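Given next are the chains, with one letter for each unit.
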Amino acid sequence: MSTPISISADFIADHNARLEGVTTEDYDGLRRALARHGTDAEALVQKVMAFGVAIPTWGVGTGGTRFARFPGPGDPRNVFEKIEDCAVIQRLARATPRVSPHIPWDMVDDYPALREKAATHGLAFDAVNSNTFQDPPGQELSYKFGSLSHTDARVRAQAIAHNVECIDIGRKLGSKALTVWIADGSNFAGQSNLIKALDRYIDAMREIVAALPADWRVFIEHKLYEPAFYSTAIPDWGTSFAVAQELGRKACCLVDLGHHAPNVNIEQIVARLVRFKKLAGFHFNDSKYGDDDLDSGSVEPFRLFLIFNELIDAERRKAEGFAPAYMIDQSHNVTDPIESLIQSAIELQRAFVQALIVDRAALEAAQEANDALGAYLELKRAFTTDVSPLLAVARLRAGGAIAPIAAYRASAYRAQKAKERPAVSGTSAGIV
Ligand code: LRH
Ligand code: MN
């Protein structure tokens, strides 16, 4: 079964038939308005249809916190069911052609079969995420006091071997990158020698970089705090950048939007990493306080737009080494993960298109003339343009649903999965 029965091409065509007229009308109005500013809407539709972001396999199950996780109906129980759910998101929104796996959460015996399964749904694999922040059953040495920066060389060797295994798994899945986020850090002043810990990490990463195939990259993911609450081995972009410089051309810096102190200017961090040719890509999400892993664009849509404004500027300047990987990393604790991921993908498309609408010549002229308000208003003009009809037309032309969440709800896919996938009893703690 390559397409979920409940979401066939006919089902989507029926759904769209009722909405196509008004959508086209709204799109024509927007197209005329954009043309008055010299923007070709049809060209934007093509760019949107080519835009893709990767879905985190760990995001299609109901997420949780350290306090509790309240499983939802029909939660996927293994990576094959996760791929089925990722296929629904791609089928309806047409913006998520890739999946980012996490090992060992997505471990299987037959990776070529998993790759084949994904391919039957038109899905490919993006960066593989290693995991040395938990002790899977049967693991010899614990990561309680760290992994790649651990004081015990045997623990570091175990963590290095895990990352090398992730590279091997990624090769079988067709990935081209390894994402390394480590929870290493300390909870007390004095607990960790801050220099030695970093040196141990860098030496360990050298061995991981040496194991990378020629055309692979390693994404270093920084995070200010949690689960360590006094110091973190790679707390910020500066440390990540300095380490990536030391590790060489295959190492670059991944920006998870939730991994910064409140009010940090993330779009400037992005601009810096682009300038220094070390931007790996993103774990898109949103947050109000800490690493909240909320839906992209649901708290700070203007910040998301400003990040894409820097990315489009880099693209226009043909910035050297600019090849960011776009991935989502969210935790869906109170919504249907499929609905949240559909809407998050659309909000990322929205920020992408609004950034494309910016009149870069007018913006540059205002900047050069120190016309602060003029420059700001050019960005606000783009940000306040409702591009929803254009995004809907792009979905329609790509074979998706004009109103994907309404279509998903009408498909009763979740009810179907709740019958097929027996509910997991009780609540547990933890993010997955
Ligand atoms: C760490 C992180 C990392 C993943 C994990 C699920 O907070 O962002 O990217 O491995 O979440
Ligand atoms: Mn992340």
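Worth saying up front: this structure is predicted, and the values here are computed from it rather than measured.

Peer 1: Can you tell me about the overall build of the chain, naming the residues and giving the values?
Peer 2: For the chain, the helix and strand inventory stands at 15 helices and 11 strands. Taken over C-alpha atoms, the radius of gyration comes to 22 Å for the chain, in line with the 22 Å a tight globule of 432 residues would show. A principal-axis box enclosing the C-alpha atoms of the chain has dimensions of 65 × 60 × 40 Å. Counting over 432 residues, the chain shows a buried share of 55%. Counting only contacts in the chain whose residues sit at least 6 apart along the sequence, the fraction spanning at least 24 positions is 79%. When the accessible surface of the chain is summed, it comes to about 18700 Å², and 54% of that surface belongs to carbon and sulfur atoms. Taken together, the 47 basic and 54 acidic charged side chains of the chain have centroids lying 2 Å from each other.

Peer 1: Lay out the packing of aromatic side chains with the relevant residues and their values.
Peer 2: All told, the structure shown has 19 aromatic pairs when counted by the stated rule. For the ring pair Trp105 and Phe133, a centre distance of 5.9 Å and an interplane angle of 80 degrees mean the geometry is edge-to-face. Placement of the pair is Trp105 in the loop between strand 2 (98–100) and helix 4 (111–120) and Phe133 in the loop between strand 4 (128–129) and helix 5 (153–173), with a sequence separation of 28 residues. Their ring planes at 50 degrees and their centres at 6.2 Å tell us that Tyr408 and Tyr413 sit as a pair that is tilted. For the residue pair Tyr408 and Tyr413, the accessibility class agrees, reading buried in each case. The rings of Phe51, Phe282, Phe284, Phe308, Tyr326 and Phe352 are connected pair by pair, giving a single aromatic cluster.

Peer 1: For the pairing of strand 7 (residues 217–221), give the residues involved together with the corresponding values.
Peer 2: For strand 7, the tally of buried residues reaches 4 of 5 residues, placing the bulk of the element in the interior. In the sheet, strand 7 pairs with strand 9 (residues 251–256) via 4 bridges, with the strands oriented parallel. Of the residues in strand 9, the one forming a bridge with Phe219 is Cys252.

Peer 1: I'd like a rundown of the side chain of Gln158, residues and numbers included.
Peer 2: Mapping Gln158 onto the fold places it in helix 5. Exposure remark for Gln158: the relative accessible area of 17% places this residue in the buried category. There is a polar contact of 2.8 Å between the side chain of Gln158 and the backbone oxygen of Leu141. When residues no more than four places from it in sequence are discounted, the contact partners of Gln158 are Gln139, Glu140, Leu141 and Tyr143.

Peer 1: Now, about the coordination of the manganese ion (ligand 2): what can you tell me, with residues and values included?
Peer 2: At 2.1 to 2.2 Å from the manganese ion (ligand 2) lie its protein donor atoms, namely Glu221 (OE), Asp256 (OD), His283 (ND1) and Asp329 (OD). For the manganese ion (ligand 2), the single-chain donor residues occur in sequence as E-x34-D-x26-H-x45-D. Residue Glu221 is found in strand 7, and its partner Asp256 is found in strand 9; the two are separated by 35 residues along the sequence. Across the pair, exposure class does not vary: Glu221 and Asp256 are buried alike.

Parameters and conventions
Residues numbered from 1 in each chain as written. Chains lettered and ligands numbered in written order. Predicted model: local features only at pLDDT ≥ 70, side-chain atom pairs only at ≥ 80, totals over all residues. Heavy atoms only, no water. Helix = DSSP H or I, 4+ residues; strand = E, 2+ residues; numbered from the N terminus. Rg over C-alpha atoms; globule rule 2.2 N^0.38 Å. Buried < 20%, exposed > 50% of the residue type's maximum accessible area, 1.4 Å probe, protein only. Contact = heavy atoms within 4.5 Å. Areas by Shrake-Rupley, 256 points an atom, 1.4 Å probe, with all protein chains shown as cover. Lys, Arg positive; Asp, Glu negative; His and termini not counted. Charge placed at Lys NZ, Arg CZ, Asp CG, Glu CD. Phe/Tyr/Trp six-rings, centres within 6.5 Å; stacked < 30°, edge-to-face > 60°. Pairing = 2+ DSSP bridges. Polar contact = N/O pair within 3.5 Å; in protein donor to acceptor, adjacent residues only side chain to side chain. Donors = N, O, S within 2.8 Å, 3.2 Å for Na, K, Ca; no water.

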